[in-house]
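Analysis of the macromolecular model
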Amino acid sequence: MADLSRTRVTVLAEDALTGLLLPFWQLVIGAFVVFVVLVSVARLARRGRSRMTTALLVTAAAIAGFAVLGVLLQG
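In this report, the structure presented in the accompanying data block is examined.

Calculation notes
- Throughout, residues of each chain are indexed from 1 in the direction in which the sequence is written.
- At least 70 in pLDDT is required for a residue's local features to be given in this predicted model, at least 80 for side-chain atom pairs to be given and counted, and no such filter applies to totals for whole chains, interfaces and linings, which use all residues.
- Here the side-chain values reflect all heavy atoms present in the structure, with hydrogen atoms and water set aside.
- Runs of E in the DSSP output that reach at least two residues are strands. Runs of H or I that reach at least four are helices, and both are numbered from the N terminus.
- For every residue, the accessible area (1.4 Å probe, protein chains only) is compared with the maximum for its type, and the residue is labelled buried under 20%, exposed over 50%, or partly exposed between those bounds.
- In short, Shrake-Rupley with a 1.4 Å probe defines the accessible areas, and a residue's cover is counted only from the protein chains shown.
- Without a salt bridge and with relative accessible area above 30%, a residue can belong to a patch; like charges are then joined within 9 Å and nonpolar side chains (Val, Leu, Ile, Met, Phe, Trp, Tyr) within 5 Å.
- What makes a salt bridge here is a side-chain nitrogen of Lys or Arg within 4 Å of a carboxyl oxygen of Asp or Glu, nothing more.
- Note that His is not counted, nor are the chain ends; the positive residues are Lys and Arg, and the negative ones are Asp and Glu.
- One atom stands in for each charge, and that atom is NZ of Lys, CZ of Arg, CG of Asp or CD of Glu.

Overview of the overall build of the protein
Summing up its helical and strand segments, the protein has two helices and zero strands in all. Looking at the 75 residues of the protein, the share that counts as buried comes to 0%. Summing over all exposed atoms, the protein offers an accessible surface of approximately 6900 Å²; the carbon and sulfur share of this is 74%.

And the structure:
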């Protein structure tokens, strides 16, 4: 009986530790994504206006496509 209660406490402690670390890892991943996006936008801006327009159109189409796909697959 004592082993059973000890195991449950350990599992709860592990969940609490994961709960505390989860926002930190989300912050690290988010910071990395923002860094990559800023580097790619800077590189794209150096290439010129026509490539920037094309990239914005492709990005807008991709966002709209993912939104439609998400709505269709949701139900």
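Quick word on a nonpolar patch on the surface
Together, F66, V68, L69, L72 and L73 make up an exposed nonpolar region whose accessible area comes to about 590 Å². Structurally, the position occupied by V68 is in helix α2 (residues 49-74).

Quick notes on a positive patch on the surface
Taken together, R43, R46, R47 and R51 make up a surface patch of like positive charges. Looking at the positive patch, the element that brings in the most residues is helix α1 (residues 2-47), giving three residues. Structurally, the position occupied by R46 is in helix α1.

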